[in-house]
Amino acid sequence: MVNAGTYPLWQQLAVTEGLPDEALPTVIEALCTTSRAFYGIDNRGEERRKKAFAATLLPRATDPALRRRLLEQADDKQLADLADQGLVTAADLTVILRTHRPAPGLVIGLARHPSQIDTAISLLPHLHDTDLERVVDDWNPNRHRFDAEPYPPVPPALFDAVLMACVSGPPVTPHRPHVPRAGDGARLGIDGRDT
């Protein structure tokens, strides 16, 4: 258990250039420990903790166990930002998908890097219809600003894959026969047979 008031100190220690590699596991463990108070989880401490670790420690974490620990603690927005910066790649997806559902932000972040477009496309079947739309809608982060400079368009391969996923719809499941339930009494006779 870590005192929530010490998270800024751990964060400063994490971004210190002279931090030896031997101290990195201790810093990561401290920042990945849930902030607790006498009444349960300290929400304000949790905000500080999540803000502290991801972007500063992930580039330095080369050990797979430390990297996994950091990725498991990140939320969807942090994962999207890290993918956008190129810090989360296809190699990290197995760890991410164990604890998170694929989100439009993660797909967008991966697709911003040409070498990761195929990986982003492979996540599309796991998205809901509205999330598929958000992949295209949210591509331009400045879309609501009129004075913003032009933003590069959605890569054609990603756009085509989103379009195909929207057109094809959800996978077809075999039809299940109707099983009578308690509320279906009007259709059943006294002996339980259809009338």
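Each remark here, short or long, concerns the structure printed above.
Okay, so let's go over this structure. (Residues numbered from 1 in each chain as written. Predicted model: local features only at pLDDT ≥ 70, side-chain atom pairs only at ≥ 80, totals over all residues. Heavy atoms only, no water.)

On to the environment of Ile108, then. Considering the arrangement of structural elements, one finds Ile108 in helix H7 (residues 104-111). For the pair Ile108 and Trp139, spaced 31 residues apart in sequence, the C-alpha to C-alpha distance is 6.4 Å. Excluding residues within four positions of it along the chain, Ile108 makes contact with Arg134, Val135, Asp138 and Trp139. (Helix = DSSP H or I, 4+ residues; strand = E, 2+ residues; numbered from the N terminus. Contact = heavy atoms within 4.5 Å.)

With that out of the way, let us pick up the layout of surface pockets. Within this model, the largest pocket holds a volume of roughly 300 Å³. Lining the largest pocket are 15 residues, and of these Ala80, Gly105, Ile108, Arg112 and Asp138 lie nearest its centre. For the lining of the largest pocket, the secondary structure elements donating two or more residues are helix H5 (76-85) and H7. When its residues are assigned to classes, the lining of the largest pocket shows five nonpolar, two polar and eight charged. (1 Å grid on protein atoms, 1.4 Å probe; cavity = no way out; pocket = protein on both sides within 12 Å on 5 of 7 lines; lining within 4 Å. Points joined across faces, edges and corners; volume = space filled by probe spheres on them. Nonpolar A, V, L, I, M, F, W, Y, C, P; charged D, E, K, R; others polar.)

Attention shifts here to the nonpolar core. Residues Leu124 and Leu158 are the most contacted members of the largest nonpolar core, which totals 38 residues. Listed by contribution, the elements that provide at least two residues to this core are helix H2 (24-32), helix H4 (64-73), H5, helix H6 (93-99), H7, helix H8 (117-123), helix H9 (129-137) and helix H10 (156-168). (Core = buried A, V, L, I, M, F, W, Y, C linked by side-chain atoms within 4.5 Å. Buried < 20%, exposed > 50% of the residue type's maximum accessible area, 1.4 Å probe, protein only.)

A contiguous nonpolar surface patch, about 290 Å² in accessible area, is contributed by Phe159, Leu163 and Val167. The residue Val167 is located in helix H10 in this model. Among the residues examined, Val167 registers a relative accessible area of 63% and is labelled exposed. (Patch = residues over 30% accessible without salt bridge, like charges linked within 9 Å, V, L, I, M, F, W, Y side chains within 5 Å. Areas by Shrake-Rupley, 256 points an atom, 1.4 Å probe, with all protein chains shown as cover. Salt bridge = Lys/Arg side-chain N within 4 Å of Asp/Glu carboxyl O.)

Structurally, the position occupied by Arg67 is in helix H4. Each residue touching Arg67, except ones within four places of it in the same chain, is listed here: Leu58, Ala61, Leu87 and Asp92.

What follows is about the pattern of salt bridges. If you walk through the whole model with that rule in mind, you get eight salt bridges. The partner of Glu72 in a salt bridge is Arg68, and the shortest N-O contact between them spans 3.6 Å. Taken as a pair, Glu72 and Arg68 lie in helix H4 at a separation of four residues, close to a single helical turn. By sharing partners, the salt bridges in this structure join Asp131, Arg134, Asp138 and Arg143 into a single network.

Relative to the assigned elements, Tyr151 resides in the loop between H9 and H10. Residue Tyr151 is classed as partly exposed on the basis of its relative accessible area of 31%. As for Tyr151 and Asn140, which are separated by eleven residues in sequence, their C-alpha atoms are 6.3 Å apart. Beyond its immediate stretch of four places on either side in the chain, Tyr151 contacts Arg112, Trp139, Asn140, Pro141 and Asn142. Within the structure, Tyr151 has its side chain in polar contact with the side chain of Arg112 (distance 3.0 Å). (Polar contact = N/O pair within 3.5 Å; in protein donor to acceptor, adjacent residues only side chain to side chain.)

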